[in-house]
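Chain and residue survey
What follows is the residue order along each chain.
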Amino acid sequence: MSSNTAVRTVRRRTLRVAAAVLIAAAGFSLTACNDSDANASKPAASATSNSADSSTGGKGTDAKAGAGAGTEDKADNGAGTESKAGAADEASSPDRTETLADGSTGEIYELGDQHYRLKIVNDGDVLATFETNGQDAGLDANGMYVVLTMGGEVKSWMGGEHKAPGTFELAGGWTAKVTKVGESHYRAEIIGHGDVMGTMEANGHDAGLNANGVYIVLSTRGVISAHE
């Protein structure tokens with residue numbers, strides 16, 4: 001091998017080594033830069049996230065507190081409205097009064113079309129209140145039965161009870177087939193001439209009906225009573 005060839009070989013090796021060093025250095029530098037950027041970005045992102053969470057949490061807490069306050073205000077306003085309505089109702093005079101079967105007084109208030117309220121009052125105490133609103137209403141008041149019709153008519157009587165379940169003959173020639181549907185829930189089919197003419201549901205509250213001049217109450221305790 002000539003001296004020139006040896007020199008060229010050494011130079012090539014030197015260049016290759018130098019190139020390899022440069023490539024390795026560049027690779028390390030790139031990796032370091034990425035790690036540095038990632039590490040730099042992570043704390044920033046984390047800090048931003050914490051700041052946002054803290055801020056959002058604060059704002060969320062404030063918003064919730066505000067909503068709660070708003071809810072409380074609405075509740076107060078609602079209570080105030082009910083209180084005002086109750087006060088106005090107490091202050092207003094009934095449209096008329098009637099003496100009921102047990103000697104108590106029935107105060108009748110006309111609230112609108114087919115909408116009446118009946119208060120049962122005894123010695124200044126309100127014992128019960130119920131309303132019609134598009135349909136008749138009834139009440140079993142401890143053995144006194146009261147029907148308030150859509151037209152504001154009141155009928156009260158005592159006695160004539162039948163305890164469900166069963167089929168019973170009622171006043172006026174009606175027959176009632178009463179079944180228990182659930183807790184405090186009874187259903188009565190009102191039958192005339194062999195056909196079901198109407199159905200009553202006492203579900204959580206008593207039901208009343210004016211069946212062509214025969215007044216019927218079905219209670220949530222499974223008692224039905226009728227009176228002409």
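In what follows, the accompanying structure is described. Worth saying up front: this structure is predicted, and the values here are computed from it rather than measured. Each chain carries its own residue numbering, running from 1 in the direction its sequence is written. Only residues with pLDDT of at least 70 get local features here, since the model is predicted, and only at 80 or more are side-chain atom pairs given and counted; chain-wide, interface and lining totals rely on the full set of residues. Each side-chain value is worked out from all heavy atoms of the structure, with water and hydrogens disregarded.

This next bit is on the overall build of the protein. Numbering of helices and strands starts at the N terminus; helices are DSSP runs of H or I of at least 4 residues and strands are runs of E of at least 2. The secondary structure content of the protein amounts to 1 helix and 15 strands. When each of the 228 residues of the protein is scored for burial, the buried share is 27%. Taken as a whole, the protein presents about 14,000 Å² of accessible surface, with 51% of it coming from carbon and sulfur. The rule is simple: take the accessible area with a 1.4 Å probe, protein chains only, and divide by the maximum for that residue type; under 20% is buried, over 50% is exposed, in between is partly exposed. Only the protein chains shown count as covering a residue, and every accessible area follows the Shrake-Rupley method with a 1.4 Å probe.

Tracing the sequence through the fold places H205 in the loop between β12 (195-203) and β13 (207-211). Residue classification places H205 among the exposed residues on the basis of a relative accessible area of 54%.

Here we take up the side chain of D136. The residue D136 is located in the loop between β4 (125-133) and β5 (137-141) in this model. For D136, which is buried and forms no salt bridge, the nearest opposite charge comes from R96, at a distance of 12 Å. The term polar contact refers here to a pair of N or O atoms within 3.5 Å; inside protein, the definition further demands a hydrogen-donor-capable atom paired with an acceptor-capable atom, and it admits residues adjacent in sequence only when both atoms are side-chain atoms. A distance of 2.9 Å separates a polar atom in the side chain of D136 from the backbone nitrogen of M150. At a separation of 3.1 Å, a polar atom in the side chain of D136 contacts the main-chain amide nitrogen of N210. The charged-residue count follows a simple rule in which Lys and Arg add positive charge and Asp and Glu add negative charge, with His and chain termini not counted at all. Salt bridge, as used here, is a side-chain nitrogen of Lys or Arg placed within 4 Å of a carboxyl oxygen of Asp or Glu.

Next up on the list: the pairing of strand β3 (residues 115-122). Along β3, 7 of the 8 residues are buried, which leaves the element largely enclosed by surrounding structure. Examined bridge by bridge, strand β2 (residues 105-112) and β3 share 7 bridges and lie antiparallel to one another. The residue of β3 that forms the bridge with E107 is K119. Think of it this way: DSSP has to see at least two bridges between two strands before they count as a pair. In this antiparallel pair of consecutive strands, β2 and β3, the connection spans 2 residues, and Q114 shows a positive phi of 55 degrees. Sheet analysis places β3 next to β4, joined by 8 bridges and oriented antiparallel. Bridging from a neighbouring strand, K119 pairs with T129 of β4. Where β3 hands over to β4, the hairpin turn is made up of 2 residues, of which D123 adopts a positive phi near 55 degrees.

Read these as spatial facts, not as claims about activity.
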